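Reading the structure
The lines below spell out each chain.
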There are 2 protein chains.
Amino acid sequence: MADKAAPDSSRRSERSRRAILDAALELLGELGYPRLTIEAIAARAGVGKQTIYRWWPSKAAVLLDAFTDRGASPKGAEAPEGVGQRAEAALPDTGDLEADLKLVLRAAVDQMNAPAYDLPARALTAEGLVNPELGAHFVAQVLEPPLRQFAERLRAAQDAGQVARDIDPRVAVELVCGPLTHRWLLRTLPLTHEYADAVVETALRGILNR
Amino acid sequence: MADKAAPDSSRRSERSRRAILDAALELLGELGYPRLTIEAIAARAGVGKQTIYRWWPSKAAVLLDAFTDRGASPKGAEAPEGVGQRAEAALPDTGDLEADLKLVLRAAVDQMNAPAYDLPARALTAEGLVNPELGAHFVAQVLEPPLRQFAERLRAAQDAGQVARDIDPRVAVELVCGPLTHRWLLRTLPLTHEYADAVVETALRGILNR
């Protein structure tokens, strides 16, 4: 109804909204998250600060919308496949669990190493750590959907007799995703395809000698 | 030599330094990290802002010193044993790898859930995600020492024939520490002793049905 009543105003709003989201992602790449400000976003988008504050409470909230609007990929960038892209799609199921997991985790590594994903996802994770409300939105919108898809894939493998009966699929998912996230966020050691493969192999076969 | 030349000045400096570090940890608990400022720390410590800036470039740098000075435990708080405390000590080695790992990971869970550890460690992790220099210091000073001790324990278990020959101890360490860090930082699901036990059991035996 509102759209019918004021189509021009609605189109202008959508143009402003897109300009703000684009500006937020551009400036994140140029300034880094600590130096990103609502003022800078407003100036780049060609809108007043108050326009931004009317729609979003903080720079983190702008960034979260910019990130999720793009399917985790900024304008013009072809995002590598990976965790952020799989919110809607089921994981591959060729019947070869190890191959499927390696494919998915290597794609996640590519994504985490790509600035188009790394910069906003890292900034939003950092903000979420000390801003529980934003953190809860980020986890619910960005992280949980692929984690649930992952658990579904492992449950299917459990039904097929490939995964042990007494395994909790959610724990198993975190066993492979946790180590990758750890290296990605904390930059302890290089995040490579070889690491993704080693995590999958170790998680599938276990650490014990038997 | 400087200490001998000006013992009173040196003692005054040490008193100011302690007052600043104490103030930083107190105010972190009261204000939260986003609202913590050098101004507030200076006022609480009874020193001028310039005194702080003479020694530290940022609030994060003050907090890192405060955190590492206390052995990861603020004034007056008896820190639960855990990752942050084990920088110097070897992990238990009773010969029962599963029991030893559960003991250590349950202690890490207690520590991550304790505000005296959680607040500064979470704030420093968040800052480190978007501030690579601070992040590198945090990882080198706080995270890597216990990860290396952990890897040593697994290497000993490998020498004793309990851990498979072809396992990379570092990957195995991240397989158990990564999931705990994931739940702690992202608050996806409750971080409990039961979860620590499930991670250890799944990592040791593997996900596969065999």
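Residues numbered from 1 in each chain as written. Chains lettered and ligands numbered in written order. Predicted model: local features only at pLDDT ≥ 70, side-chain atom pairs only at ≥ 80, totals over all residues. Heavy atoms only, no water.

**Examining the packing of aromatic side chains**
Residues and elements named next belong to chain B. For clarity, the cut-off: We call Phe, Tyr and Trp rings a pair once their centres come within 6.5 Å, taking the six-membered ring for Trp, and we label the pair stacked below 30 degrees between planes, edge-to-face above 60, and tilted otherwise. Helix and strand definitions here come from DSSP, where helices need a minimum of 4 consecutive H or I residues and strands a minimum of 2 consecutive E residues; each element is numbered from the N-terminal end. Relative accessible area decides the class of each residue, using a 1.4 Å probe on protein chains only: under 20% of the type maximum gives buried, over 50% gives exposed, and in between gives partly exposed.
For the structure on display, the rule yields eight aromatic pairs over all chains. Consider the rings of Tyr 117 and Trp 184, whose centres lie 5.8 Å apart with planes at 45°: the pair is tilted. In this pair, Tyr 117 sits in helix H7 (residues 115-130) while Trp 184 sits in helix H9 (residues 169-186), placing the two residues 67 residues apart along the sequence. Residue classification places Trp 184 among the buried residues on the basis of a relative accessible area of 8%.

**Re H9 of chain B**
Residues and elements named next belong to chain B. As a reminder of what qualifies: What a helix is expected to span follows from its residue count: subtract one and scale by 1.5 Å. By definition, a residue's bend is the angle between the axes fitted to the seven residues ending there and the seven starting there. The term polar contact refers here to a pair of N or O atoms within 3.5 Å; inside protein, the definition further demands a hydrogen-donor-capable atom paired with an acceptor-capable atom, and it admits residues adjacent in sequence only when both atoms are side-chain atoms.
Here H9 is 18 residues long and its end C-alpha atoms lie 25 Å apart, about the 26 Å a rise of 1.5 Å per residue gives. Where H9 bends most, the angle comes to about 30°, and this point is Cys 177, followed within four residues by the proline Pro 179. The element H9 is extensively covered by neighbouring structure, given that 18 of its 18 residues are classed as buried. The N-terminus of H9 is capped by Asp 168, whose side-chain oxygen sits 2.9 Å from the backbone nitrogen of Arg 170. The first or second residue beyond H9 is Arg 187, which carries a positive phi of 50°.

**Comments concerning the relation of the copies chain B and chain A**
Put simply, the test is: Residues reaching a pLDDT of at least 70 in both copies supply the C-alpha atoms on which the copies are superposed by least squares. Between two residues, a contact is recorded if the distance between any of their heavy atoms is within 4.5 Å.
Superposing chain B onto chain A takes a rotation of 180° combined with a translation of 0.0 Å along the rotation axis, leaving an RMSD of 0.0 Å. As the rotation angle and translation indicate, the two copies are arranged about a two-fold axis. Every residue of chain B has its C-alpha some distance from the rotation axis, and the shortest such distance is that of Gly 206 of chain B, at 1.7 Å. A symmetric contact is evident, with 100% of the interface residues of chain B recurring at the interface of chain A.

**Topic: unusual backbone geometry**
Residues and elements named next belong to chain A. Positive phi values are uncommon outside glycine, yet Arg 187 reaches one of about 50°. Here Arg 187 is to be found in the loop between helix H9 (169-186) and helix H10 (193-205). Since its relative accessible area comes to 41%, Arg 187 is described here as partly exposed.

**Considering the packing of helix H6 (residues 97-113) of chain A against H9 of chain A**
All names here are of chain A. Inclusion rule: Each axis is a line fitted through C-alpha atoms, taken for helices only over the stretch in contact, and angles between the N-to-C directions span 0 to 180 degrees. Orientation categories follow fixed angle ranges, with anything under 35 degrees roughly parallel, anything over 145 roughly antiparallel, 65 to 115 roughly perpendicular, and all other angles oblique. By definition, any crossing whose near helix is turned counterclockwise from its far helix by less than a right angle is left-handed, and any crossing with a clockwise turn is right-handed.
Contact pair H6 / H9: the axes reach a minimum separation of 11 Å and the direction vectors enclose 20°. Taken together, H6 and H9 sit at an angle that is classed as roughly parallel. In terms of crossing hand, the pair formed by H6 and H9 is right-handed. Taken together, the residues of H9 that come into contact with H6 (itself represented by Leu 105, Ala 108, Val 109 and Met 112) are Val 176, Leu 180, Thr 181 and Trp 184.

**Focus: the interface of chain B and chain A**
Test applied: Each of two parts loses accessible area, computed with a 1.4 Å probe, when they are put together; buried area is these two losses added. Salt bridges are identified by distance alone: a Lys or Arg side-chain nitrogen within 4 Å of an Asp or Glu carboxyl oxygen.
If you look at the interface, chain B gives 47 residues, while chain A gives 47 residues. With both sides pooled, the region where chain B packs onto chain A buries about 4500 Å², and carbon together with sulfur makes up 70% of that total. Area buried by chain B at its contact with chain A is led by Leu 129, Leu 175 and Ile 207 of chain B, which between them contribute 17% of it. Applying the counting criterion to the chain B and chain A interface returns two salt bridges. Ionic pairing is found between Glu 174 of chain A and Arg 183 of chain B, a salt bridge with its closest N-O pair at 2.8 Å. Between the two partners, chain B and chain A, sit 20 residue pairs in polar contact (both at pLDDT 80 or more). Put simply, the parts of the chain that give the side of chain B that touches chain A at least two residues each are H7, helix H8 (132-159), H9 and helix H10 (193-205) of chain B.

**So, the environment of Val 130 of chain B**
Its place among the elements puts Val 130 of chain B in helix H7. Those residues within four positions of Val 130 of chain B in sequence are excluded, and the remaining contacts are Tyr 33, Pro 34, Arg 122, Ala 123 and Ala 126 of chain A.

**Here's the deal with the pattern of salt bridges**
Residue and element names in this part refer to chain A. Counting across every chain of the model gives 38 salt bridges over all chains. Measuring nitrogen to oxygen at the nearest pair gives 3.8 Å for the salt bridge that ties Arg 18 to Asp 22. In this pair, Arg 18 and Asp 22 are both assigned in helix H2 (residues 7-31), four residues apart and thus about one turn of the helix distant. Taking relative accessible area as the criterion, Asp 22 reaches 16% and is therefore assigned buried. When salt bridges that share partners are traced, they join Glu 14, Arg 17, Arg 18, Asp 22 and Asp 69 into one network.

**Section: the environment of Thr 37 of chain B**
Following the sequence through the fold, Thr 37 of chain B ends up in the loop between helix H2 (7-31) and helix H3 (38-45). Residue classification places Thr 37 of chain B among the partly exposed positions, given a relative accessible area of 31%.

**Observations concerning the packing of helix H8 (residues 132-159) of chain A against H9 of chain A**
Residues and elements named next belong to chain A. Let me state the cut-off plainly: Asp, Glu, Lys and Arg are counted as charged, while Ala, Val, Leu, Ile, Met, Phe, Trp, Tyr, Cys and Pro are counted as nonpolar; the rest, among them Gly, fall into the polar class.
Direction vectors running N to C along H8 and H9 enclose 120°, while the axes themselves pass 8 Å from each other. Our pair here, H8 against H9, has a crossing hand that is right-handed. Across from Glu 144, Leu 147, Phe 150, Ala 151, Leu 154, Arg 155 and Gln 158 in H8, the residues of H9 making contact are Pro 169, Arg 170, Ala 172, Val 173, Val 176 and Cys 177. Here the residues of the contact of H8 with H9 are counted per class, giving nine nonpolar, one polar and three charged.

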